[in-house]
Amino acid sequence: MMKKRSISASKASLVLFLCQMISALDVPLDSKLLEELSQPPTITQQSPKDYIVDPRENIVIQCEAKGKPPPSFSWTRNGTHFDIDKDAQVTMKPNSGTLVINIMNGGKAEAYEGVYQCTARNERGAAISNNIVIRPSRSPLWTKEKLEPNQVREGDSLVLHCRPPVGLPPPIIFWMDNAFQRLPQSERVSQGLNGDLYFSNVQPEDTREDYICYARFNHTQTIQQKQPISVKVFSTKPVTERQPILLTPTGSTSTKVELRGNVLLLECIAAGLPTPVIRWIKEGGELPVNRTFFENFKKTLKIIDVSEADSGNYKCIARNMLGSVHHVISVTVKAAPYWITAPRNLVLSPGEDGTLICRANGNPKPNISWFANGVPIAIAPEDPSRKVDGDTIIFSHVQERSSAVYQCNASNEYGYLLANAFVNVLAEPPRVLTPANKLYQVIADSPALLDCAYFGSPKPEIEWFKGVKGSILRGNEYVFHDNGTLEIPVAQKDSTGTYTCVARNELGKVQNEVRLEVKDPTMIIKQPEYKVIQRYGQVSFECIIKHDSTLLPTVIWLKDNDELPDDERFLVGKDNLTIMNVTDKDDGTYTCIVNTTLDSVSASAVLTVVAAPPTPAIIYARPNPPFDLELTGQLERSVELSWIPGDENNSPIKNFVIEYEDGLHEPGVWHYQTEVPGTQTTVQLKLSPYVNYSFRVIAVNEIGRSQPSEPSEQYLTKSANPDENPSNVQGIGSEPDNLVITWESLKGFQSNGPGLQYKVSWRQKDVDDEWTSVIVANVSKYIVSGTPTFVPYEIKVQALNDLGYAPEPSEVIGHSGEDLPMVAPGNVQVHVINSTLAKVHWDPVPLKTVRGHLQGYKVYYWKVQSLSRRSRRHVEKKILTFRGNKTFGMLPGLEPYSSYKLNVRVVNGKGEGPASPDKVFKTPEGVPSSPSFLKITNPTLDSLTLEWGSPTHPNGVLTSYILKFQPINNTHELGPLVEIRIPANESSLILKNLNYSTRYKFYFNAQTSVGSGSQITEEAVTIMDEVQPLYPRIRNVTTAAAETYANISWEYEGPDHANFYVEYGVAGSKEDWKKEIVNGSRSFFVLKGLTPGTAYKVRVGAEGLSGFRSSEDVFETGPAMASRQIDIATQGWFIGLMCAVALLILILLIVCFIRRNKGGKYPVKEKEDAHADPEIQPMKEDDGTFGEYSDAEDHKPLKKGSRTPSDRTVKKEDSDDSLVDYGEGVNGQFNEDGSFIGQYSGKKEKEPAEGNESSEAPSPVNAMNSFV
């Protein structure tokens, strides 16, 4: 039995012909055969369908075709025959259909515009080209126009129109200046797709007179220039910020149609100040991955290679800090025709059957029409073997006269496809294409493939014989392939010989002989072996081979699978490899490869290189310490130190470090003095007076530092006047009537002698007054009492010791103590910017009334009531602090449609001044929050009942509710959307005339006069009959959101013991849903750690129920509220501490009471009575005032002759009150123009009283607050 199987391409030695398949033949790619066989024409090259030509050059319209006999060519122009012989400007290339229209010798390109089609024809049929539309390119000049200068106010938007001339093809637009430099573009200034230059807001630097639009026509390599446009920006203060508006496209919606496979470009450019940021989303889906790109600073959405799946609504959102605006572009992707199955050439034998299939798709679906030899098939000559069935032509029992070229045209409104496919009916006797007596050589025990490439029509049958008169080959030891190849799976030596293949069909027979030789395999009979060699030795690897005597082997050596190094130490012999003077880099794997023309073998061995016997290693270590230190040449301010270096331990000494000890002031503490190079063993050291010096030396090398040397002998320098005065001298009052002078004391050795003291001097600045001085001990502070409030003083502090004074000190300016400001800011005005933001202005207070350093102004503001609810609530005051002499500020985070009050206070280093009169202002309406809930109940066959709650934050007067709903089919596709407007006073609605057993998705939101609020969604199903559905469901998901958390609740219908989970994420974000597991089967959950002022999406699901979850709900967390001022008296730890102290005092009182009842005095009391100390008596006997210890010179009078006040009042050294007691928000900050850039602070308190009523201790949080 003959066995057949396919032969792999790797085994084939020729390009073989395709065997009969679906009753068809394929002609082998044999050049000699192709020259002999007849073949209908085939178009091989043609110009593009839309052919734009350069009007200055000759027009070449290509049309090349092949066929046997060679085809002739003709042309049509605009549907009629084009006689090229009658036009002297038109010629056709020899042996070709390509037309050349001579434009450079007087012809005009415009005269040859039109639709051209080429026909290639021979005796077997006619092929046609596409319709080639010839159009000359155009680059017209700009029409002259008078351009008026553009005068624009700073912050306004601006569009500079380009409006280039209409060219063919359209030009490329760019903007440059007079110096031919491209104008810089950014998020604020950019060029649109139409070439216009858009400014989201203009700035003063935009003023210039050379905005020039250029149009580049690439086809003709020309550039046209528009007249320069002048822009002048004039400034107005302040610049008004604006919420975004769209410059392009206009309106809220638009449409866009794009063709399949093209690039989709969508554009949104917005105006606004600050410059809006653009974001793109696809409603109901995601933007395609790997095909989506953002250009022009995200103003242009680019999707490449679009398909029908990319149809949908694309929303661009422009947003800045004042608001947002959006535009929805409805994109529809259509498709020009594209091939599913293009018709293919068909070669048949007489009497055979075949089919031509032409299948194309598109949107709309294309029409299929057939042509035969360029003529519509309906009017073409009849062929009884041909039958047309839509997109298929069926051929039955074809004859040679059935040969023709068929054209399939698939077209719709967006284009067409045209394909030529011929039917070639051939009657040919067999031919063997494999050369005669071809020699095949193989290695024994490997497969042998003997070719017999053939052709014939009808398809010939193939038989193989061994020898000239041998019998036909059969049996399992042979494999016969469909393409005529004979395979001997395991060739042996006795397989050598001559083989004959015979091809026959009804038209004849032919045979061909080939020869097979089977060779002995190549073998390595002695392989290289593993070697270990010492460094600098010699090693040799052997590789002895055995091979067929008729084959010539080549031997190659490799190291680590790469060529041997180019090194004369490697010697390659006939059967070995020798390496001389081996080094460490020779370590590796060596491979011997033997190649012949038929086979290849290899063997490998590893070489390991080891070191020679080791030599003792050199030990490197830190140096030994220097020794024998000696002091010579002692002077008052210098001494010479010398030493002997220790052993450097094989690493040279780099340098010596000298340290000193002051045995008089800081015994046991060593200080850095200097360092010298390692080659130096003496150094001259500078000394200070009145220091008992000892020195030591440390040696340093690359390894590290030595141990310190033994100390030198001590050397005490003589005393001297101080060389310097105290540093960091300051004068700051701690009370309204004092001046605290502080300084940094001199260190011990800086005193230069015993008896260090300081002379403190002061006098009032800008007053003709003498210096007042006092000498104090070695301290760092002195308090001057009885000063006027907050006046400048000149201050100086001079050091002195027993030998005299230091040089004259420099003077510094300080101020006496501050007091609270006296007056409140006036003319407080409030400008409401929008429903959540207001700007407050005030007049600055006179600096004289500040009575201290002006720190800034604090604005207290609080909500009085909501205008929609008319209900008061606990007053929660908020505080914003503005640094310096600001006269305005922004109040963010206001609630819409509410009444507020505010007042302003000035702040200095002492505290706050009185409050200004309360100013009342109201915020306008805003959009409402989502309805508090949406319940869908009472499902029937055709109705559903909807119930809802009004929004938690109406933010105005509700005008209506908007209900939208649409059906959802089993594949989760959404049906048409229906919208209903409901009066604001309604809270329920019965929807009737619904489809039974249909799931609906509902979208519900409230409206004020400002606009629509965020919506909530729900899904429900009408029942199939009156029986209540049994499927589980989660519905009525509601949210109650605060700043950083939200309460989620829901209703569940279904089996008991369901385990719920909550999924949430930022609305509109591409990030994955975050999942939280609900403990137990409860129907509520608290989401924590949310970001204030952020919109979130949420849904609820049940574990174990695949794909079962609620519809999505959207909520928004509250705005970031001002940080509340923490009152220490309300803190739990403080209350607990006070209770513990009270309990301890109570216990002590009980113990004392018990002791007193027992009689006698307790020991402590006896000692107090027996040893009364007048120094610690609480009151003076003469005047009843509190006593204190005082130095005679602690409080010098302000002027000569004045004395310390007689009441000897205790003066505080530091103020008990400071600005930190009135702290701003922890994160509250404002820019220089007062705009808000962070969270703001707030404090709950009662209605404010007049003046400075607060007497609370400073809270820990307040102490951390600071000015913005």
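In this text, all values refer to a predicted model and were calculated from it rather than measured experimentally.

Before going further, it helps to examine the overall build of the protein. Per the secondary structure count, the protein includes five helices and 94 strands. Sequence separation of at least 24 residues holds for 66% of the intrachain contacts in the protein that already meet a minimum separation of 6. Looking at the protein as shown, the accessible area adds up to about 67400 Å², and 51% of this sits on carbon and sulfur atoms.

Applying the stated criterion to the full structure yields 23 aromatic pairs. The interplanar angle of 5 degrees and the centroid separation of 5.7 Å between the aromatic rings of Phe174 and Tyr214 together place this pair among those described as stacked. In this pair, Phe174 is assigned in strand E14 (residues 172-176) and Tyr214 in strand E17 (residues 208-217), connecting sequence segments 40 residues apart. Aromatic ring contacts, followed pair by pair, group Phe174, Phe180 and Tyr214 into a single cluster. Over the ring of Tyr211 we find Arg208, and its NZ or CZ is 5.7 Å from the ring centre. Positioned above the aromatic ring of Phe933, the side-chain terminus of Lys935 is 5.2 Å from the ring centre.

So, about the environment of Ser471. Assignment of secondary structure puts Ser471 in the loop between strand E42 (461-466) and strand E43 (479-480). Each residue touching Ser471, except ones within four places of it in the same chain, is listed here: Trp464, Phe465 and Lys466.

Reading across the sheet, the five strands line up as E29-E37-E36-E32-E33 and stay open at both edges, with mixed pairing between neighbours. For this open sheet the edge positions go to strand E29 (346-348) and strand E33 (375-376), each flanked by a neighbour on one side alone. Where strand E36 (residues 404-412) and strand E37 (residues 415-425) come together, nine bridges link them in antiparallel fashion. When the sheet's bridge partners are listed, Ala410 is paired in E37 with Leu417.

Looking now at unusual backbone geometry. Cis geometry is adopted by the peptide bond preceding Pro169, which originates at Leu168 and carries an omega value of -10 degrees. Within the secondary structure, Pro169 sits in the loop between strand E13 (158-160) and E14. For the peptide bond that leads from Ser457 to Pro458, omega is 0 degrees, which places it in the cis range. One can find Pro458 in the loop between strand E41 (454-457) and E42.

Attention shifts here to the pattern of salt bridges. Counted according to the given criterion, the structure contains 40 salt bridges. The residue Glu113 makes a salt bridge to Arg138 at a minimum N-O spacing of 3.0 Å. Separated by 25 residues along the polypeptide, Glu113 in the loop between strand E8 (99-101) and strand E9 (114-122) and Arg138 in the loop between strand E11 (132-136) and strand E12 (150-153) bring together distant segments of the chain. We classify Glu113 as partly exposed; its relative accessible area is 27%. Using a relative accessible area of 37% as the deciding quantity, one classes Arg138 as partly exposed. A salt bridge links Arg153 to Asp156; the nearest nitrogen and oxygen atoms lie 3.4 Å apart. Taking relative accessible area as the criterion, Arg153 reaches 35% and is therefore assigned partly exposed. Connected through shared salt-bridge partners, Arg153, Asp156 and Arg242 make up one network.

This part covers the pairing of E11. Here E11 shows one buried face, formed by Ile132, Ile134 and Pro136, and one open face, formed by Val133 and Arg135. Bridge count between E9 and E11: three bridges; the pairing is antiparallel. Residue pairing in the sheet places Tyr116 in a bridge with Ile132 of E11.

Take the nonpolar core next. Of all hydrophobic cores here, the largest spans 30 residues; its most connected members are Ile59, Ile61, Trp75, Ile101, Tyr116 and Ile134. Those elements that provide at least two residues to this core are strand E2 (50-53), strand E3 (59-61), strand E4 (63-68), strand E5 (72-77), E8, E9 and E11. At three residues, the largest contribution of residues to this core is made by E9. If we skip the residues at most four places from it in the chain, Ile134 touches Tyr51, Val53, Ile59, Ile61, Tyr112, Glu113, Gly114 and Tyr116.

In terms of residue burial, strand E75 (residues 876-883) counts as a mostly covered element, since seven of its eight residues are buried. Relative to E75, strand E74 (residues 854-866) runs antiparallel, the two sharing six bridges. Considered in E75, the bridge of Val859 is made with Leu880.

With that settled, the discussion passes to the environment of Ala309. Tracing the backbone through its elements, the reader meets Ala309 in the loop between strand E26 (300-303) and strand E27 (312-320). By relative accessible area, Ala309 is classed as exposed at 62%. Spatially, the C-alpha atoms of Ala309 and Thr332 are 9.5 Å apart, while their sequence positions differ by 23 residues.

Attention shifts here to the state of the cysteines. Counted under the stated rule, the structure contains six disulfides. Two residues, Cys63 and Cys118, share a disulfide whose sulfurs are 2.0 Å apart. Linking Cys63 and Cys118, the disulfide has an S-S dihedral of approximately -70 degrees and is accordingly described as left-handed. Residue Cys63 is found in strand E4, and its partner Cys118 is found in strand E9; the two are separated by 55 residues along the sequence. The residues Cys63 and Cys118 share a single accessibility class, namely buried. Bridging Cys268 to Cys316, the disulfide has an S-S length of 1.8 Å. Disulfide Cys268-Cys316: the torsion about the S-S bond is -65 degrees, which places it as left-handed.

Ordered by their spatial adjacency, three strands build an open sheet running E86-E87-E90, and the pairing between neighbours is antiparallel. Lying at the two open borders of the sheet, with one neighbouring strand each, are strand E86 (1033-1041) and strand E90 (1084-1087). Adjacent strand axes in the sheet meet at a mean angle of 20 degrees, parallel and antiparallel pairs treated alike.

A surface patch of nonpolar side chains, about 660 Å² in accessible area, is lined by Leu1143, Leu1146, Ile1147, Ile1150, Val1151, Phe1153 and Ile1154. With respect to the helices and strands, the residue Val1151 is situated in helix H3 (residues 1132-1158).

Okay, the side chain of Lys282 next. Positionally, Lys282 belongs in strand E24 (residues 277-282). The side chain of Lys282 sits in the buried core without any salt bridge; Asp310 is the nearest counter-charge, 5.0 Å away. At 3.4 Å, the side chain of Lys282 forms a polar contact with the backbone oxygen of Ser311. In this view, Lys282 contacts Leu287, Ala309, Asp310, Ser311, Gly312, Asn313 and Tyr314; residues no more than four positions away in its chain are not counted.

Turning to the confidence of the model for the protein, a few remarks are in order. A low pLDDT means the predicted coordinates there should not be read in detail. Looking at the protein, the pLDDT average stands at 83 and 85% of residues meet or exceed 70. For the protein, the element scoring lowest by mean pLDDT is helix H5 (residues 1260-1264), at 34; E26 scores highest, at 96. Contacts from residues 1-23, a stretch scored under 50 in pLDDT, to residues over four places away or in other chains number 46 contacts. The model gives residues 1026-1030 a pLDDT under 50, and that stretch makes three contacts with residues more than four places away or in other chains.

Calculation notes
Residues numbered from 1 in each chain as written. Predicted model: local features only at pLDDT ≥ 70, side-chain atom pairs only at ≥ 80, totals over all residues. Heavy atoms only, no water. Helix = DSSP H or I, 4+ residues; strand = E, 2+ residues; numbered from the N terminus. Contact = heavy atoms within 4.5 Å. Areas by Shrake-Rupley, 256 points an atom, 1.4 Å probe, with all protein chains shown as cover. Phe/Tyr/Trp six-rings, centres within 6.5 Å; stacked < 30°, edge-to-face > 60°. Lys NZ or Arg CZ within 6 Å of the ring centre and 35° of its normal. Pairing = 2+ DSSP bridges. Salt bridge = Lys/Arg side-chain N within 4 Å of Asp/Glu carboxyl O. Buried < 20%, exposed > 50% of the residue type's maximum accessible area, 1.4 Å probe, protein only. Core = buried A, V, L, I, M, F, W, Y, C linked by side-chain atoms within 4.5 Å. Disulfide = S-S within 2.5 Å. Axes fitted to C-alpha atoms, helices over the stretch in contact; angles between N-to-C directions. Patch = residues over 30% accessible without salt bridge, like charges linked within 9 Å, V, L, I, M, F, W, Y side chains within 5 Å. Lys, Arg positive; Asp, Glu negative; His and termini not counted. Polar contact = N/O pair within 3.5 Å; in protein donor to acceptor, adjacent residues only side chain to side chain. pLDDT = per-residue confidence, 0-100.

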